[in-house]
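# Survey of secondary and tertiary structure
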Amino acid sequence: MAGLSEKPQALGIDQESAEANKNSSSNKKSVHNRLLEKDKEEGGQGGDMSPSAGSSIKRSGSRPQLDVSKAEIQGNVEEKYPTILLPNQSDDLSHLALDIGGSLIKLVYFSRHEDQSTDDKRKRSVKERLGLSNGNRRSFPILGGRLHFVKFETRKINECLDFINSKQLHRGGAESPYADGATDGNAIIKATGGGAYKYTDLFKERLGVSLDKEDEMDCLVAGANFLLKAIRHEAFTHMEGQKEFVQIDPNDLFPYLLVNIGSGVSMIKVDGDGKFERVSGTNVGGGTYWGLGRLLTKCKSFDELLELSQKGDNRTIDMLVGDIYGGLDYSKIGLSASTIASSFGKTISEKKELEDYRPEDISLSLLRMISYNIGQISYLNALRFGLKRIFFGGFFIRGHAYTMDTISFAVQFWSKGEAQAMFLRHEGFLGALGAFMSYEKHGLDDLMVHQLVERFPMGAPYTGGKIHGPPLGDLNEKASDRNSKYLTSTSIIVTLSNSDFPTQISWMEKFLRKGTEITAPVPMTPAAGTTGLGGFDVPLSRGSSLRSDASALNVGVLHLVPTLDVFPLLEDPKTYEPNTIDLADPSELEYWFTILSEHLPDLVDKAVASEGRTDDAKRRGDAFARAFSAHLARLMEEPAAYGKLGLANLLEMREECLREFQFVDAYRSIKQRENEASLAVLPDLLMEIDSMDEETRLLTLIEGVLAANIFDWGSRACVDLYHKGTIIEIYRMSRNKMQRPWRVDDFDLFKERMLGTGDKKKPPHKRALLFVDNSGADIVLGMLPLARELLRRGTEVVLVANSLPALNDVTAMELPDIVAEAAKHCDTLRRAAEAGGLLVDAMINSSRSSKGKSSSVPLMVVENGCGSPCIDLRQVSSELAAAAKDADLIILEGMGRALHTNLNARFKCDALKLAMVKNQRLAEKLLKGNIYDCICKYEPAS
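The text that follows walks through the structure, step by step, so that each part is easy to find. (Residues numbered from 1 in each chain as written. Predicted model: local features only at pLDDT ≥ 70, side-chain atom pairs only at ≥ 80, totals over all residues. Heavy atoms only, no water.)

### A few points about the overall build of the protein
Helix and strand counts for the protein stand at 28 helices and 29 strands. Per-residue burial over the protein gives 57% buried out of 942 residues. Sequence separation of at least 24 residues holds for 74% of the intrachain contacts in the protein that already meet a minimum separation of 6. Carbon and sulfur atoms provide 48% of the accessible area of the protein, an area that totals close to 38600 Å². (Helix = DSSP H or I, 4+ residues; strand = E, 2+ residues; numbered from the N terminus. Buried < 20%, exposed > 50% of the residue type's maximum accessible area, 1.4 Å probe, protein only. Contact = heavy atoms within 4.5 Å. Areas by Shrake-Rupley, 256 points an atom, 1.4 Å probe, with all protein chains shown as cover.)

### A few points about the sheet that holds strand S8 (residues 235-239)
With respect to topology, seven strands assemble into an open sheet ordered S9-S8-S16-S15-S10-S11-S12, the strand pairing being mixed. Edge positions in the sheet fall to strand S9 (242-246) and strand S12 (275-282), since each has one partner strand and no second. Recorded for the sheet is a direction-independent mean angle of 35 degrees between the axes of neighbouring strands. Bridge count for strand S11 (residues 265-272) against S12 is seven bridges, and the pairing is antiparallel. Bridge assignment links Val-265 to a residue of S12, and that residue is Thr-282. (Pairing = 2+ DSSP bridges. Axes fitted to C-alpha atoms, helices over the stretch in contact; angles between N-to-C directions.)

### Some thoughts on the packing of helix H15 (residues 615-637) against helix H16 (residues 647-660)
Packing of H15 against H16 brings their axes to within 10 Å, and their N-to-C directions diverge by 150 degrees. Between H15 and H16, the crossing angle belongs to the class labelled roughly antiparallel. Considering only the axes of H15 and H16, their crossing is right-handed. Together, Phe-624, Ala-627, Phe-628, His-631, Leu-632 and Leu-635 of H15 and Leu-650, Met-653, Arg-654, Cys-657 and Leu-658 of H16 make up the contact between the two elements. Looking at side-chain class alone, the contact of H15 with H16 contains nine nonpolar, one polar and one charged residues. (Parallel < 35°, antiparallel > 145°, perpendicular 65-115°, else oblique. Left-handed = near helix turned anticlockwise from the far one by under 90°. Nonpolar A, V, L, I, M, F, W, Y, C, P; charged D, E, K, R; others polar.)

### Focus on the sheet that holds strand S22 (residues 744-745)
With mixed pairing, seven strands are arranged side by side in an open sheet as S22-S29-S28-S27-S23-S24-S25. Strands at the two margins of the open sheet, each flanked by one partner only, are S22 and strand S25 (859-863). Across the face of the sheet, helix H22 (residues 777-792) comes into contact with strand S23 (767-771), strand S24 (796-801), S25 and strand S27 (889-893) while running at roughly 170 degrees to S27.

### Details of the pairing of strand S6 (residues 188-192)
Counting buried positions over the five residues of S6 gives four, a clear majority of the element. Of the strand pairs in this sheet, strand S3 (residues 96-100) and S6 are connected by three bridges, and their pairing is parallel. Along S6, the bridge assignment pairs Asp-99 with Thr-192. In this sheet, strand S7 (residues 210-213) lies alongside S6 in parallel orientation, the contact comprising four bridges. The residue of S7 that forms the bridge with Ile-189 is Leu-211.

### Quick word on the pattern of salt bridges
For the structure shown, the criterion picks out 51 salt bridges. Residue Glu-638 pairs with Lys-243 through a salt bridge whose shortest N-O separation is 2.9 Å. Residue Glu-638 is found in the loop between H15 and H16, and its partner Lys-243 is found in strand S9; the two are separated by 395 residues along the sequence. Here the two residues Glu-638 and Lys-243 agree in accessibility, since each one is buried. Between Arg-793 and Glu-789 there is a salt bridge; the shortest N-O distance is 3.2 Å. Glu-789 gets classed as buried once you look at its relative accessible area, which sits at 3%. Where salt bridges share partners, they join Glu-694, Arg-697, Lys-761, Glu-789 and Arg-793 into one cluster. (Salt bridge = Lys/Arg side-chain N within 4 Å of Asp/Glu carboxyl O.)

### Points about the pairing of strand S5 (residues 145-153)
Counting buried positions along S5 yields eight of nine residues, so the element is predominantly enclosed. Alignment of strand S4 (residues 104-112) against S5, held across nine bridges, turns out to be antiparallel. Each residue of the ladder has a partner; that of Arg-112, found in S5, is Gly-145. Pairing geometry for S5 and strand S20 (residues 557-560), over two bridges, is antiparallel. Bridging across to S20, Leu-147 finds its partner in Leu-558.

### Re the environment of Asn-314
Topologically, Asn-314 is positioned in the loop between helix H8 (302-309) and strand S13 (319-320). A relative accessible area of 0% means that Asn-314 is categorised as buried. A sequence separation of 44 residues divides Asn-314 from Arg-358, and the C-alpha atoms of the two residues are 9.9 Å apart. At a separation of 2.9 Å, a polar atom in the side chain of Asn-314 contacts the side chain of Arg-368. (Polar contact = N/O pair within 3.5 Å; in protein donor to acceptor, adjacent residues only side chain to side chain.)

### Thoughts on the packing of helix H18 (residues 694-708) against H22
Direction vectors running N to C along H18 and H22 enclose 155 degrees, while the axes themselves pass 8 Å from each other. By the angle class used here, H18 and H22 are roughly antiparallel. The handedness of the crossing between H18 and H22 comes out as left-handed. Along the contact surface, H18 presents Arg-697, Leu-701, Ile-702, Gly-704, Val-705 and Ala-708, while H22 presents Ala-777, Asp-778, Leu-781, Gly-782, Met-783, Pro-785, Leu-786 and Glu-789.

### Brief notes about helix H3 (residues 157-166)
When you tally the buried positions in H3, you get eight out of ten residues, the bulk of the element. Every buried residue of H3 is listed here: Ile-157, Glu-159, Cys-160, Leu-161, Phe-163, Ile-164, Asn-165 and Ser-166. The positive-phi residue at the C-terminal boundary of H3 is Gln-168, with phi of around 55 degrees.

### Quick word on helix H14 (residues 586-610)
Taking 1.5 Å per residue, 25 residues should reach 36 Å; H14 reaches 35 Å between its end C-alpha atoms and fits that length. Following H14 by one or two positions, Gly-612 adopts a phi angle in the positive range, close to 80 degrees. (Expected span 1.5 Å × (residues − 1).)

### Points about the packing of aromatic side chains
Under the definition given, this model contains 22 aromatic pairs. Pairing Tyr-289 with Phe-302 gives two aromatic rings, centres 5.7 Å apart and planes at 80 degrees, and the pair type is edge-to-face. Placement of the pair is Tyr-289 in helix H7 (residues 286-297) and Phe-302 in helix H8, with a sequence separation of 13 residues. For the pair shown, Tyr-289 and Phe-302 are each scored as buried. Taking the centre distance of 6.4 Å and the plane angle of 80 degrees together, the rings of Trp-742 and Phe-747 count as edge-to-face. Under the relative-accessibility criterion, Trp-742 is labelled buried at 7%. Members of the aromatic cluster, each reached through a chain of ring pairs, are Tyr-289, Trp-290, Phe-302, Phe-395 and Phe-396. Over the aromatic face of Tyr-439 sits the side chain of Lys-190, whose NZ or CZ is 5.8 Å from the ring centroid. Above the face of the Phe-236 ring, Lys-243 is positioned so that its terminal group lies 4.7 Å from the ring centre. (Phe/Tyr/Trp six-rings, centres within 6.5 Å; stacked < 30°, edge-to-face > 60°. Lys NZ or Arg CZ within 6 Å of the ring centre and 35° of its normal.)

### Let's talk about the nonpolar core
The biggest cluster of nonpolar side chains holds 60 residues, and the ones touching the most others in it are Leu-98, Leu-107, Leu-147, Ile-164, Phe-203, Leu-258 and Phe-391. A domain split of this core shows at least three residues from each of domain 1 (89-115 + 141-173 + 186-215 + 430-460 + 552-562) and domain 2 (235-317 + 357-424). Other than its neighbours up to four places away in sequence, Ile-164 contacts Leu-96, Leu-98, Leu-107, Leu-169, His-170, Phe-203 and Leu-207. (Core = buried A, V, L, I, M, F, W, Y, C linked by side-chain atoms within 4.5 Å. Domains from an automatic or database assignment.)

### Some points on unusual backbone geometry
With omega at -5 degrees, the peptide bond leading from Phe-254 into Pro-255 counts as cis. Within the secondary structure, Pro-255 is located in the loop between S9 and strand S10 (256-261). For the bond running from Arg-740 to Pro-741, omega is 0 degrees, close enough to zero to count as cis. Tracing the chain through its elements places Pro-741 in the loop between helix H20 (727-736) and S22. The phi angle at Glu-240 is positive, at roughly 50 degrees, despite the residue not being glycine. When you line up the elements, Glu-240 lands in the loop between S8 and S9. You will see that Asn-902, though not glycine, has its phi angle at about 75 degrees, which is positive. You can see Asn-902 is positioned in the loop between helix H27 (895-900) and strand S28 (910-916).

### Looking at a nonpolar patch on the surface
A contiguous nonpolar patch, built from Ile-324, Tyr-325 and Leu-328 and spanning about 310 Å² of accessible area, is present on the exposed surface. Here Leu-328 lies in the loop between helix H9 (321-324) and strand S14 (340-342). Residue class for Leu-328 comes out exposed when judged on its relative accessible area of 56%. (Patch = residues over 30% accessible without salt bridge, like charges linked within 9 Å, V, L, I, M, F, W, Y side chains within 5 Å.)

Shape is all these values report; function is a separate question.
Set out below in structure tokens:
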């Protein structure tokens with residue numbers, strides 16, 4: 001019987017795994033030798049491939065090996081891990097893995113980022129000056145791509161096969177040069193689960209591939225370990241309908257208990273990577289619930305049974321303590337009247353037949369009985385081995401809120417509050433992810449949490465219907481001849497109940513025809529009353545209706561970005577929280593959702609205008625509005641649906657949604673006009689500043705930054721101002737209102753650090769990082785003059801700007817041209833820009849010969865690694881991280897970077913935070929002030 005065996009063994013799992021094939025070593029020299037040496041260091045097959053003791057995952061050698069012909073080292077050949085270009089490497093590297101269960105098929109597949117690299121001389125120059133190496137890059141193509149998570153119903157396996165074929169995943173992806181030809185008879189896909197055996201012949205017949213079966217428990221543990229170490233908001237608790245995310249320290253993860261609730265239950269003690277033991281289990285699990293439920297209620301599916309439980313009242317079936325003691329508590333031993341004394345116990349004394357009981361009540365009683373016992377047994381095993389953490393997953397959980405609440409109550413009750421049940425956002429994909437990791441050189445082992453970015457495109461992998469297929473593809477992607485008879489990447493396989501749509505329909509048509517109906521969530525209203533569970537009231541997460549997969553839209557696309565780093569000047573990265581506004585407060589959440597919704601029409605208008613108001617742009621604009629509104633509706637219902645939610649996450653999601661619908665830069669023309677107008681008056685401003693004494697000049701420069709920060713198209717109040725005057729008129733008005741003291745006014749402290757007191761002069765800062773905000777007057781009339789002052793004092797200046805457009809924020813790609821225009825009117829800026837490699841013509845002649853020997857301190861530009869109005873300093877570009885190593889001054893400018901995020905951040909160096917508050921609620925909440933109040937917050941090095 002499952003769960004009762006003395007020897008730890010996976011329930012119903014054959015212990016089968018393939019031995020790794022040996023590679024023949026290469027005698028080629030130079031680059032080839034570097035590749036082989038690197039392969040050995042990173043776990044390749046250059047040496048003995050026998051598995052180490054305790055390691056369960058065996059890396060199969062069945063996938064194609066690296067093709068090193070015509071390989072070239074890029075960058076400095078003396079680096080330990082230089083970037084290696086593999087021009088002849090095929091793309092069929094670890095693209096797909098499956099977990100084929102009895103009810104669901106889970107896919108994890110890899111796709112590449114589009115190559116947007118350019119031969120940017122300015123960028124190369126900055127990297128050379130910063131000494132930025134390629135040491136954090138790897139030759140394995142998995143890095144720099146995306147991991148997608150998709151589910152299908154197993155009974156519709158042909159849809160799964162169509163999806164794999166449409167994207168050519170079994171041949172290395174649709175972009176692979178091998179996608180046109182016949183599949184190699186030896187092509188292999190990694191798979192786990194019972195279906196890996198059951199459907200072997202079908203995969204061979206339909207796709208021409210073999211399924212390489214991986215051990216289920218090996219994959220389960222490998223997937224859990226990766227997620228818990230690599231995803232910041234992966235684990236969460238669930239009590240009384242409230243989801244709370246738990247930050248797991250990767251260095252303090254082990255040991256833990258992993259409870260996998262499938263048909264039966266396995267309890268696995270995990271001591272490390274590849275080190276685990278099945279220590280217990282029970283034969284009473286999901287299969288028990290479904291089997292008994294089917295017999296007692298005649299339900300046809302697991303989801304139908306769960307649906308019934310939402311409407312049940314177990315008091316008609318379960319015997320409670322109060323039933324025994326006349327409605328009273330048994331207080332002597334701490335049992336309330338609502339505690340369940342005996343599941344199904346009330347049916348003993350009642351003269352009723354099965355048909356006399358409501359199926360809803362039976363389903364709920366059964367669900368609570370099984371969940372309660374699993375929670376109790378799990379805690380007792382954790383207590384037995386002294387384990388601090390218990391993670392639950394498996395088919396039985398399915399993201400079902402009431403199930404998670406019930407298990408959580410049981411663990412809390414029996415541990416007397418000392419232990420907590422925790423769940424995983426990706427719990428349904430543990431096996432598939434583990435199977436993916438069983439490929440050799442999958443590239444995931446060394447990824448850090450700051451190198452993974454989760455994004456939520458509409459349809460990745462859900463759109464609110466039942467379980468279905470592929471994430472939505474690129475907007476204009478068309479079916480090529482080779483895929484014409486299959487689905488294209490712009491189609492979606494979906495089984496929507498009561499839908500008039502055909503199975504295959506483009507996402508654009510679906511948005512235009514169906515609106516938000518396909519993505520809007522099903523409301524879940526709390527049920528009144530209590531029935532009790534182990535002395536606790538009934539969990540509050542039951543409702544009148546239930547999403548068939550309550551984790552729908554909770555799992556996005558995982559972007560693997562090896563060029564991201566933690567900002568090295570954070571005082572304590574572990575305690576750093578970028579968001580200033582706590583959206584856990586329902587009133588805050590509703591307010592900011594309203595703000596974003598109200599701003600949506602103007603944003604759509606700007607986006608459509610940026611594309612020439614074509615019919616295609618209008619259709620995409622409408623689709624974007626529907627999609628983003630659907631995101632807001634989903635998050636309003638369940639704020640934790642996408643992980644821990646902050647205002648910065650909302651703003652970034654909006655920008656990502658714009659990009660998904662191919663609006664690359666909605667404010668492009670507006671930024672250009674404002675830049676031109678501001679550059680026209682810059683010479684006069686610089687002349688005025690130069691006529692001032694030192695102290696007056698510094699104050700004027702700070703006032704200029706604050707005044708120019710009024711130009712923000714993300715602020716409703718500022719948008720209204722734009723309709724009343726020109727940007728120069730608005731700037732002058734803003735300057736006239738600059739009266740001290742400001743709402744937060746540390747200018748005198750900053751002045752003392754810059755100018756000293758009396759005869760005591762202080763040395764200039766060595767390098768300053770200026771995090772810039774908006775285009776136009778903000779950068780040209782505010783931050784550039786301040787940068788110029790720092791340069792004149794002998795401080796290197798690095799302008800830090802967005803990697804991608806967001807609202808009217810200036811980007812790192814745009815800044816060099818702005819600096820070049822400004823340098824025409826200022827020798828200081830010109831010399832510094834030349835030294836920093838920003839003026840291409842001058843750089844061509846002198847940059848390499850004068851490296852490190854310029855008579856002027858440099859002015860450089862680096863990208864910050866994000867495309868949002870805010871910035872999370874736990875994930876910045878490697879360029880910025882390199883620039884920060886020698887910096888001793890940070891200036892954060894603008895609401896997004898200094899107010900919405902990082903207002904409370906502490907740094908190892910001097911920090912100046914400058915912003916004009918352009919939202920009345922924000923001014924009141926954070927500063928007890930008013931709109932247009934200013935912040936000048938200076939914090940010396942901690």
